[in-house]
Amino acid sequence: MSSTNTGPIPPSATAPPEPGSDPRRWWGLVVIATAQLMVVLDATVVNIALPSAQRDLHMSDGNRQWVITAYTLAFGGLLLLGGKIADLVGRKLTFTVGLVGFAGASALGGAAHTSGLLFMARALQGVFGALLAPSALSLLTTTFTDIKERGKAFGIYGAIAGGGAAIGLIAGGLLTEYLD
């Protein structure tokens, strides 16, 4: 004997979920916060590893500052353009291109065997970071529409970014002390 329900289908079964209620949005926060962690970690690790890189790549004291300056100039100079590109092309695409490009530039910097290659890799990191940062914040804003959830998401994002600076200092010290 089978039982069939011939009554009306409840609206919750057929209606699409309300905006901002997708449970996958929290996984999106994990990806976005991890990307921000990578950016912050990289900046602090480089500061700690700079004397070691200077020795290994035979950089002069005058050229050493370009490792930091190449990144800072590219990032700061292109940050507004990165936000505009995210608006025009799309946040997700810009975020993905920024993330993949930043990771690739980081790998290039890690494998650099000349100071010129390191400077170029750092400038590329700045370019891709300028795509990544505004699109990440924009994705957070559009993904979390509920005020309480948005506050929580930005709190988590900020905590991970702040923690990344401390982790980067420790990781940089460990890497330069125990690895080449």
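The structure under discussion appears in the preceding block.
Now for a description of the structure that goes with this document.

About the thresholds
Residues numbered from 1 in each chain as written. Predicted model: local features only at pLDDT ≥ 70, side-chain atom pairs only at ≥ 80, totals over all residues. Heavy atoms only, no water. Helix = DSSP H or I, 4+ residues; strand = E, 2+ residues; numbered from the N terminus. Expected span 1.5 Å × (residues − 1). Buried < 20%, exposed > 50% of the residue type's maximum accessible area, 1.4 Å probe, protein only. Contact = heavy atoms within 4.5 Å. Salt bridge = Lys/Arg side-chain N within 4 Å of Asp/Glu carboxyl O. Core = buried A, V, L, I, M, F, W, Y, C linked by side-chain atoms within 4.5 Å. Patch = residues over 30% accessible without salt bridge, like charges linked within 9 Å, V, L, I, M, F, W, Y side chains within 5 Å. Areas by Shrake-Rupley, 256 points an atom, 1.4 Å probe, with all protein chains shown as cover. Axes fitted to C-alpha atoms, helices over the stretch in contact; angles between N-to-C directions. Parallel < 35°, antiparallel > 145°, perpendicular 65-115°, else oblique. Left-handed = near helix turned anticlockwise from the far one by under 90°. Nonpolar A, V, L, I, M, F, W, Y, C, P; charged D, E, K, R; others polar. Phe/Tyr/Trp six-rings, centres within 6.5 Å; stacked < 30°, edge-to-face > 60°.

1. Quick look at helix 3 (residues 61–89)
Since one α-helical turn is 3.6 residues long, residues separated by three or four positions face the same way. Over its 29 residues, helix 3 extends 41 Å from the first C-alpha to the last, a length consistent with the 42 Å expected when each residue adds 1.5 Å. Within the span of helix 3, buried status applies to Val67, Ala70, Tyr71, Ala74, Gly82, Gly83 and Ala86. Looking at the packing, one finds that the buried side of helix 3 touches helix 2 (25–56), helix 4 (91–110) and helix 5 (115–143).

2. Things to note about the pattern of salt bridges
Taken as a whole and assessed by the stated rule, the structure comprises two salt bridges. Residues Arg25 and Glu149 are paired through a salt bridge, measuring 2.6 Å at the closest nitrogen-oxygen approach. Taken together, the residues span a long stretch of sequence, with Arg25 in helix 2 and Glu149 in helix 6 (residues 147–178) at a distance of 124 residues. By relative accessible area, which is 11% here, Arg25 ends up buried.

3. Here's the deal with the nonpolar core
Counting residues in each nonpolar core, the largest one holds 14 residues, and the members touching the most others are Ile32, Phe95 and Leu140. Looking at this core, the elements that each hand over two or more residues are helix 2, helix 4, helix 5 and helix 6. Residue contacts for Phe95: discarding those within four places in its chain leaves Val31, Ile32, Ala35, Leu132, Ser135, Ala136 and Leu139. Core analysis: the next-biggest nonpolar cluster, separate from the first, contains eight residues, Met59, Val67, Ala112 and Leu118 among them.

4. Focus: a nonpolar patch on the surface
There is a patch of nonpolar side chains on the surface, built from Leu88, Val89, Leu93 and Val97 and spanning about 370 Å² of accessible area. Contributing elements (two or more residues each) for the nonpolar patch: helix 3 and helix 4. Among the secondary structure elements, Val89 is positioned in helix 3.

5. Quick look at the packing of helix 2 against helix 6
Where helix 2 meets helix 6, the closest approach of the two axes is 7 Å, and the angle between their N-to-C directions is 30 degrees. Judged by the inter-axis angle, helix 2 sits roughly parallel to helix 6. Judged by the twist between their axes, the crossing of helix 2 over helix 6 is right-handed. Residues belonging to the contact of helix 2 with helix 6 are distributed by class as follows: 20 nonpolar, eight polar and three charged.

6. Observations concerning the packing of aromatic side chains
Tallying each qualifying case throughout the model produces two aromatic pairs. With a centroid separation of 4.7 Å and 55 degrees between ring planes, the pair formed by Trp26 and Phe144 is classed as tilted. Taken together, the residues span a long stretch of sequence, with Trp26 in helix 2 and Phe144 in the loop between helix 5 and helix 6 at a distance of 118 residues. Residue Phe144 is classed as buried on the basis of its relative accessible area of 1%. Arranged with centres 5.6 Å apart and planes meeting at 10 degrees, the rings of Tyr71 and Phe75 form a pair that is stacked. Placement of both Tyr71 and Phe75 in helix 3 is noted, with a separation of four residues, approximately one turn of the helix. When its relative accessible area of 10% is taken as the criterion, Tyr71 is described as buried.

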